[in-house]
Amino acid sequence: MDARVELSEFLKSRRARLSPEDVGLRAYGGRRRVAGLRREELAGLAGISVAHYTRLEQGRSDSVSAEALAAIGRALRLDEDERTYLNQLARPDARTCPETAAPPRAGLRHLVASFDATPAILVGRHTEIVAWNPVATALFGDFAAMPEGERSISDLIFRRSDVRDLHGAGWERTAVEHVAHLRVLSACYRGDRRLMAHIERLRAASPEFDRMWSSHPVARAGGRFYRLHHPVVGDLDLYGELVTLPVDLEYSGLDLFAAEPGSPSERALRRLADLSRERDSPSPPPSPAQAR
């Protein structure tokens, strides 16, 4: 993906979603040739020249100042995640990460395994599923049985019908939230060839992913709410939290899922945990009478 194209398309998409009335401008009669605000209207709101804004919307950000970006963000009514995304596209930092992630250190593996009735997944920066605990497998599927190249949150959401059924009517919202988080990652780790390849693979494999990606949603994965229907334990209302690991830049974070204490969903999670332990526990050896 070309960074200049990404910057251009993002600004156009955000300009298109605003009408003159949204920003207090008078819409004169006649049919408008463009969706949303015109370039000159946006430039006027931001207090910069049309030529300066046009250069930026063409992806040429070499001379843009932090003050101009802030003014454009206010004019476009960008939220915090979108403003951060705009700055990362226009003024990239020097962040670098290893091309390949090392196996998670023992402390992280033990941390993931230590959660009893809380599904826990260690997620790489390409959304790959690096480590997990048994109750996460019971909830989302057998990660170990998935091809390593397709063992990712993206593949779970867009390429597995059982996970789509698990989310039911909430699947579309969950999918858009995931694509929005991938947008954040793509700006944060510009030049990461594996991440870009992951996104291009999904765009080719899933028309729905491609549609959502082209709409340019931008939002960090933070607190989420899921209403799921599990084929074994029934309905589950869960809160998801992606806990970042500042020292481990090769990981997006630790994704945890919890239910309200004392709720039917918490009891259902504990039942899933019990079932996962029963499944993973070795069978007892036969008694002497059975062996004969």
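Residues numbered from 1 in each chain as written. Predicted model: local features only at pLDDT ≥ 70, side-chain atom pairs only at ≥ 80, totals over all residues. Heavy atoms only, no water.

1. Comments concerning the overall build of the protein
Now for step 1: The number of helices and strands found in the protein is 14 helices and five strands.
Now for step 2: A total of 292 residues make up the protein; the buried ones form 45% of that total.
Now for step 3: Considering only contacts in the protein between residues 6 or more positions apart, those separated by 24 or more positions represent 60%.
Now for step 4: Accessible surface for the protein amounts to roughly 15,200 Å². Of this, 52% is attributable to carbon and sulfur atoms. (Helix = DSSP H or I, 4+ residues; strand = E, 2+ residues; numbered from the N terminus. Buried < 20%, exposed > 50% of the residue type's maximum accessible area, 1.4 Å probe, protein only. Contact = heavy atoms within 4.5 Å. Areas by Shrake-Rupley, 256 points an atom, 1.4 Å probe, with all protein chains shown as cover.)

2. Quick word on helix 4 (residues 66-75)
Now for step 1: Buried within helix 4 we find Ala 68, Leu 69, Ala 71, Ile 72, Gly 73 and Ala 75.
Now for step 2: Two residues or fewer past helix 4, Arg 77 is found with a positive phi of approximately 60°.

3. With respect to unusual backbone geometry
Now for step 1: We note that Thr 127 has phi near 65°; this positive angle belongs to a residue other than glycine.
Now for step 2: With respect to the secondary-structure elements, Thr 127 resides in the loop between strand 1 (120-124) and strand 2 (129-132).
Now for step 3: Among the residues examined, Thr 127 registers a relative accessible area of 2% and is labelled buried.

4. Some words on the packing of helix 2 (residues 39-46) against helix 3 (residues 50-57)
Now for step 1: Interaxial distance between helix 2 and helix 3 falls to 9 Å at its minimum, and their mutual angle equals 110°. Between helix 2 and helix 3, the angle is such that the two are roughly perpendicular. Relative to helix 3, helix 2 is oriented so that their crossing is right-handed. Taken together, the residues of helix 3 that come into contact with helix 2 (itself represented by Arg 39, Glu 40, Leu 42 and Ala 43) are Val 50, Tyr 53, Thr 54 and Glu 57.
Now for step 2: Each residue belonging to the contact of helix 2 with helix 3 can be placed in one class, and the counts come to four nonpolar, one polar and three charged. (Axes fitted to C-alpha atoms, helices over the stretch in contact; angles between N-to-C directions. Parallel < 35°, antiparallel > 145°, perpendicular 65-115°, else oblique. Left-handed = near helix turned anticlockwise from the far one by under 90°. Nonpolar A, V, L, I, M, F, W, Y, C, P; charged D, E, K, R; others polar.)

5. Regarding the sheet that holds strand 3 (residues 223-230)
Now for step 1: The antiparallel open sheet is built from five strands, whose spatial order is 2-1-5-4-3. The strands lining the two open edges of the sheet, one partner per strand, are strand 2 and strand 3. Taken pair by pair, the neighbouring strands of this sheet meet at an average axis angle of 25°, ignoring direction.
Now for step 2: Bridge analysis of strand 1 against strand 5 (residues 251-258) gives five bridges, and the strand direction is antiparallel. Considered in strand 5, the bridge of Val 123 is made with Gly 253. (Pairing = 2+ DSSP bridges.)

6. So, the pattern of salt bridges
Now for step 1: One pass over the full model with this rule turns up 20 salt bridges.
Now for step 2: Across the pair Arg 159 and Asp 155 runs a salt bridge, and its minimum N-O distance is 3.5 Å. Of this pair, Arg 159 and Asp 155 both sit in helix 8 (residues 153-159), separated by four residues, roughly a single helical turn.
Now for step 3: The exposure class of Arg 159 is partly exposed, given its relative accessible area of 41%.
Now for step 4: Asp 155 gets classed as buried once you look at its relative accessible area, which sits at 3%. (Salt bridge = Lys/Arg side-chain N within 4 Å of Asp/Glu carboxyl O.)

7. With respect to the nonpolar core
Now for step 1: Among the nonpolar cores identified, the biggest contains 42 residues, and Ile 121, Phe 143, Phe 158, Phe 209, Leu 236, Leu 238 and Leu 272 are the most heavily contacted of them.
Now for step 2: Among the elements that line this core, the one with the most residues is helix 10 (residues 171-188), at six residues.
Now for step 3: Ranked by size, the runner-up nonpolar core spans 27 residues in total, among them Leu 56, Ile 72, Ala 75 and Tyr 85. (Core = buried A, V, L, I, M, F, W, Y, C linked by side-chain atoms within 4.5 Å.)

8. What to know about the packing of aromatic side chains
Now for step 1: In total, this model carries eight aromatic pairs according to the counting rule given.
Now for step 2: Pairing Phe 10 with Tyr 85 gives two aromatic rings, centres 4.9 Å apart and planes at 75°, and the pair type is edge-to-face. Placement of the pair is Phe 10 in helix 1 (residues 3-16) and Tyr 85 in helix 5 (residues 80-90), with a sequence separation of 75 residues. Residues Phe 10 and Tyr 85 agree in their burial class; the two are buried.
Now for step 3: With a centroid separation of 5.3 Å and an interplanar angle of 70°, the aromatic rings of Trp 132 and Phe 143 are classed as edge-to-face. Within this pair, whereas Trp 132 is found in strand 2, its partner Phe 143 is found in the loop between helix 7 (134-140) and helix 8, the two being separated by eleven residues in sequence.
Now for step 4: Judged by its relative accessible area of 26%, Trp 132 is partly exposed.
Now for step 5: Cation over ring: Arg 164 sits above Trp 171, and NZ or CZ is 3.7 Å from the ring centre.
Now for step 6: The residue whose ring lies beneath Arg 183 is Trp 213, and the NZ or CZ to ring-centre distance is 3.7 Å. (Phe/Tyr/Trp six-rings, centres within 6.5 Å; stacked < 30°, edge-to-face > 60°. Lys NZ or Arg CZ within 6 Å of the ring centre and 35° of its normal.)

9. A word on the confidence of the model for the protein
Now for step 1: For the protein, per-residue confidence averages 87 on the pLDDT scale, and 89% of positions sit at 70 or higher.
Now for step 2: Throughout residues 281-292 the model reports pLDDT below 50, and contacts reaching past four residues in sequence, or to other chains, amount to zero contacts. (pLDDT = per-residue confidence, 0-100.)

10. Some details on the side chain of Glu 57
Now for step 1: Residue placement: Glu 57 occurs in helix 3.
Now for step 2: The class of Glu 57 is buried, set by a relative accessible area of 0%.
Now for step 3: Aside from chain neighbours lying at most four places away, what touches Glu 57 is Ser 8, Leu 11, Lys 12, Arg 15 and Arg 39.

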